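Residues per chain are reported as follows:
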Amino acid sequence: MITKKDIEHIARLARIELAEEEEEKFGKDLGAILDFVNQLNKVDTSDILPLAGGLPEGLLALLENETRPDEEKTPLGNPAELVNAAPKKEEGWIETKAIFKETK
Amino acid sequence: MSFDNLTIAKIVSGLKAKEFSAEEVVSFYLENIRKRDKEIHAYLEVFEKEVMIAAGDIDKKIADKKIDSPIMGVPIAVKDNILIHGTRTTAASKILAPYVASYDATVIEKLRAQGAIFLGKTNLDEFAMGSSTENSAFGPTKNPHDFDRVPGGSSGGSAAALAGDLAPAALGSDTGGSIRQPAAFCGAVGLKPTYGAVSRHGLIAMASSLDQIGPITKTVEDAALLFEALRGRDRYDATTVETKPVELKKSDTLRGVKVGVPKEYFGEGLDKDVGECIKNAVKLLGSLGADIREIELPHAEYALPTYYIVMPAEVSANLARFDGIRYAHQTRSAEALLEVYEKSRKEGFGREVKRRIMLGTYALSAGYYEAYYGKAQRMRRLIREDFRRAFESVDILVGPTAPTPAFGFGERTNNPLQMYLADIYTVAINLAGVPALSIPCGRVKRDGKDLPVGLQIIGKWFDESAILSAAYTFEQSQ
């Protein structure tokens, strides 16, 4: 059961502000989706190792650790363009709000 | 001459034989887009000026014999979650609406170097999350086979561009079926390569352990040509490996090919007519000489619930970067930093994206991680084992790409679980990392319209050649 409090907690963790009607809708939706995924509990996986993805063990040899010489390189992409993608910037710096609100 | 339904192969041979110029080819597609795309809405942006300049350059290079490549002069539509330097890349999200890409994706760099021309950016479900392209912040795309129906998703714009003859080839991305399902709905060929075959550098990440870029084309030969141009190791995507060149056997028989038919793919939920279509396709494979065997994928039914933990978990992490500070949209009503995050994301993300971020955040949160994410990761190993075991006795697997033909607008938008079921046969392939393609295998009638059905062909890791070769033989015999 997903409560209103759960939804508010998840929304805060996810850094998304929700409108009142969204809280209600997501509460129902998440409940339904979690009921659906709970069918996984029918399978005993206690002896199975977790798998994050990637290739099967036999093919892992295809991936080798690679190192490069410790030399200065041109950065990927133009730094000015990267900064330019930010909505607020000033003279090559990205501008943000302060962490705390000003108290009067 | 008619330029209708050109393919990559025909364009390149025509250019080589000087039957036409790249400028003429590009003009043909621009004209089609002008005439038809107001209705279809496959494109979010068309590079009208740039393509003509690029086509002129290619024509000159060909005349001067400075280029010779199997995709030279071919106009390609690009899903709008793939970065092209200096152009807008939105992922069909309001949060990225004003974003201009600061570098080229590796696939773009590779195609550019081989003389491809980028026609424009195609519509998708926001951040590639959806199965109908209805989740685009810029409005849905229509299925050219029936304007009342969705083109599938999330690469719906790319697939619809093919079906409407608004491009001869397109790029899509596939996290749980987003290339194959729209290809099936639109009657195109769509290939999701093996995990690690194609670089995702410059693809806006959705779920990094599942995402792959791949081609959507009109023919199997074209899919092979475009995949060959895309594949290979890239130092900017550490999951990529160097693979062997594609070998497309242009055979008229499938003798010696062992084809597995997973019985789990013909159960409840499969549309009766689609099921008939697939069974006929399997019969045809048999009559072409293939050795057909029924096989089992015992954990098939658990693929979708596993996917709906793994994918949102990765989504919630990947989309944390859209914080209102580094890219594009920032709220105007924040007084402090936390509000910048929370309000920018509130204003910028659509409902499905928020839903998946919320779901993934929950599955990864303290107290629930092992019950959900841990469980799903263990299931993922069982699902991959199913495929490994199946491929000990067969060369390829076949089944339906999607359980139904294209559905109507609005039919599933209010019920997320209904929408998720559209990917029931495709998600396991991403969880296992194997390659799979969808190829048109017939049509079913709905409301007086003929709708395409897709046959999914699944292969062993890095054996794209086997599925492309089988698909080629199947295509030629139809």
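If you're wondering where the values come from, they're calculated on a predicted model, not measured in any experiment.

### Description of the overall build of chain A
In terms of regular secondary structure, chain A is built from three helices and two strands. Its helices and strands in sequence order give chain A the pattern α-α-α-β-β, from N to C terminus. Its C-alpha radius of gyration of 24 Å places chain A more than 25% over the 13 Å reference for a compact globule of 104 residues. Overall, chain A is about 60 × 55 × 20 Å in size when its C-alpha atoms are taken along their principal axes. When burial is assessed residue by residue, chain A has 28% of its 104 residues classed as buried. Of note, chain A has its 14 positive side-chain charges centred 8 Å away from the centre of its 23 negative side-chain charges.

### Re the interface of chain B and chain A
Residue-level contacts link 66 residues of chain B with 60 residues of chain A. Taken together, the two surfaces of chain B and chain A that pack against each other cover about 6,200 Å², and 65% of this comes from carbon and sulfur. The tally of links from chain B across to chain A stands at six salt bridges. Between lysine 101 of chain A and glutamate 339 of chain B there is a salt bridge, and its shortest N-O distance comes to 2.9 Å. At the junction of chain B and chain A, the tally comes to 22 residue pairs in polar contact (both at pLDDT 80 or more). Elements supplying a minimum of two residues to the side of chain B that touches chain A: α9 (303–318), α10 (337–348), α11 (351–364), α12 (369–393) and α13 (416–420) of chain B. Here the side of chain B that touches chain A gets 10 residues from one element, more than from any other, and that element is α12 of chain B. Tallied by class, the residues present in the side of chain B that touches chain A amount to 34 nonpolar, 14 polar and 18 charged.

### Things to note about the nonpolar core
Core analysis: the largest hydrophobic core is formed by 175 residues, its most contacted members being Leu111, Phe127, Leu171, Phe387 and Leu455 of chain B. Top contributing element to this core by residue count: α9 of chain B, with nine residues. If we skip the residues at most four places from it in the chain, phenylalanine 387 of chain B touches Tyr265, Leu297, Leu397, Ala428, Ile429, Ala432, Val434, Ile458 and Trp461 of chain B. Membership of the second largest hydrophobic core comes to six residues, among which are Leu40, Val43 and Ile48 of chain A together with Tyr302 of chain B.

### Regarding the pattern of salt bridges
Pairs may arise between side chains of opposite charge once their charged atoms sit close together. Residue and element names in this part refer to chain B. Considering all chains together, one arrives at 39 salt bridges over all chains under this definition. In this structure, lysine 250 engages glutamate 221 in a salt bridge whose closest nitrogen and oxygen atoms are separated by 2.7 Å. Taken together, the residues span a long stretch of sequence, with lysine 250 in the loop between α7 (220–230) and β7 (258–262) and glutamate 221 in helix α7 at a distance of 29 residues. Ionic pairing is found between arginine 326 and aspartate 323, a salt bridge with its closest N-O pair at 3.2 Å.

### Some points on unusual backbone geometry
That bond from glycine 153 of chain B to serine 154 of chain B is cis: its omega, 10°, falls within 30 degrees of zero. Of note, serine 154 of chain B is situated in the loop between β3 (117–122) and α5 (156–163). Phi at arginine 15 of chain A is positive, roughly 55°, even though this residue is not glycine. Tracing the sequence through the fold places arginine 15 of chain A in the loop between α1 (4–13) and α2 (20–37).

### Some details on the side chain of aspartate 125 of chain B
All names here are of chain B. Considering the arrangement of structural elements, one finds aspartate 125 in the loop between β3 and α5. No salt bridge is formed by the buried aspartate 125, whose closest oppositely charged neighbour, arginine 356, lies at an N-O distance of 7.3 Å. Here serine 131 takes part through its backbone nitrogen, which lies 3.4 Å from a polar atom of the side chain of aspartate 125. In contact with aspartate 125, not counting residues within four places along its chain, are Ala91, Ala92, Gly130, Ser131, Ser132, Thr133, Glu134, Asn135, Ser136, Gly153 and Ser154.

### Quick word on the state of the cysteines
All names here are of chain B. A full pass over the atoms with the stated rule returns zero disulfides over all chains. The thiol sulfur of cysteine 277 is not disulfide-bonded, and the nearest other cysteine sulfur, from cysteine 441, lies at 4.6 Å. Looking at cysteine 277, the relative accessible area reads 9%, which means it is buried. Given a relative accessible area of 8%, cysteine 441 falls into the buried group.

### Structural notes on the confidence of the model for chain A
Put simply, chain A has an average pLDDT of 88, and 94% of its residues get 70 or more. Mean pLDDT across the elements of chain A bottoms out in helix α3 (residues 79–84) of chain A (87) and peaks in α1 of chain A (96).

### Looking at the packing of aromatic side chains
Residue and element names in this part refer to chain B. One pass over the full model with this rule turns up 15 aromatic pairs over all chains. Aromatic ring contacts, followed pair by pair, group Tyr99, Phe127, Phe322, Tyr327 and Phe349 into a single cluster. Against the face of phenylalanine 147 rests lysine 142, its NZ or CZ located 5.9 Å from the ring centre.

### Notes on the pairing of strand β11 (residues 449–459) of chain B
All names here are of chain B. Most of β11 sits inside the fold, with nine of its 11 residues counted as buried. As defined by bridge partners, strand β9 (residues 396–400) adjoins β11 across five bridges and the pair is classed as antiparallel. Residue pairing across strands places proline 400 opposite leucine 455, the latter belonging to β11. Pairing of strand β10 (residues 436–446) with β11 involves 10 bridges; the strand directions are antiparallel. Within β11, the residue paired with valine 444 across the bridge is leucine 451. Linkage of β10 to β11, two consecutive antiparallel strands, is achieved through a turn of two residues, within which aspartate 447 is found at a positive phi near 50°.

### Description of α10 of chain B
Think of an α-helix as 3.6 residues a turn; residues three or four steps apart then line up on the same face. For α10 of chain B, built from 12 residues, the straight-helix expectation of 16 Å at 1.5 Å per residue is met to within 8% by its first-to-last C-alpha distance of 16 Å. Taken residue by residue, α10 of chain B has Leu337, Glu339, Val340, Glu342, Lys343, Ser344, Arg345 and Gly348 of chain B as its buried positions. In this fold, the buried residues of α10 of chain B make contact with α1 of chain A together with α11 of chain B.

### Some points on the sheet that holds strand β5 (residues 189–192) of chain B
All names here are of chain B. Spatially, the 11 strands line up as an open sheet ordered β1-β3-β2-β4-β6-β5-β10-β11-β9-β7-β8, and their pairing is mixed. Each edge of the open sheet is held by one strand with a lone partner, namely β1 (43–46) and β8 (291–295). Neighbouring strand axes in the sheet, compared pairwise and without regard to direction, differ in orientation by 30° on average. Bridge count between strand β2 (residues 75–79) and β3: five bridges; the pairing is parallel. Bridge pairing in β3 places isoleucine 76 opposite phenylalanine 118. In the packing of α12 onto the sheet, the strands contacted are β7, β8, β9 and β11, and the crossing angle to β9 comes to about 115°.

### Let's talk about the environment of glycine 86 of chain B
Residues and elements named next belong to chain B. Looking at the element boundaries, glycine 86 is found in the loop between β2 and α4 (106–113). Each C-alpha atom of the pair glycine 86 and asparagine 414 lies 37 Å from the other, and the pair is 328 residues apart in sequence. Once you skip the residues sitting within four places of it in the chain, glycine 86 turns out to touch Val100 and Ala101.

Conventions and cut-offs
- Residues numbered from 1 in each chain as written.
- Chains lettered and ligands numbered in written order.
- Predicted model: local features only at pLDDT ≥ 70, side-chain atom pairs only at ≥ 80, totals over all residues.
- Heavy atoms only, no water.
- Helix = DSSP H or I, 4+ residues; strand = E, 2+ residues; numbered from the N terminus.
- Rg over C-alpha atoms; globule rule 2.2 N^0.38 Å.
- Buried < 20%, exposed > 50% of the residue type's maximum accessible area, 1.4 Å probe, protein only.
- Lys, Arg positive; Asp, Glu negative; His and termini not counted.
- Charge placed at Lys NZ, Arg CZ, Asp CG, Glu CD.
- Contact = heavy atoms within 4.5 Å.
- Buried area = accessible area lost by both parts, 1.4 Å probe.
- Salt bridge = Lys/Arg side-chain N within 4 Å of Asp/Glu carboxyl O.
- Polar contact = N/O pair within 3.5 Å; in protein donor to acceptor, adjacent residues only side chain to side chain.
- Nonpolar A, V, L, I, M, F, W, Y, C, P; charged D, E, K, R; others polar.
- Core = buried A, V, L, I, M, F, W, Y, C linked by side-chain atoms within 4.5 Å.
- Disulfide = S-S within 2.5 Å.
- pLDDT = per-residue confidence, 0-100.
- Phe/Tyr/Trp six-rings, centres within 6.5 Å; stacked < 30°, edge-to-face > 60°.
- Lys NZ or Arg CZ within 6 Å of the ring centre and 35° of its normal.
- Pairing = 2+ DSSP bridges.
- Expected span 1.5 Å × (residues − 1).
- Axes fitted to C-alpha atoms, helices over the stretch in contact; angles between N-to-C directions.

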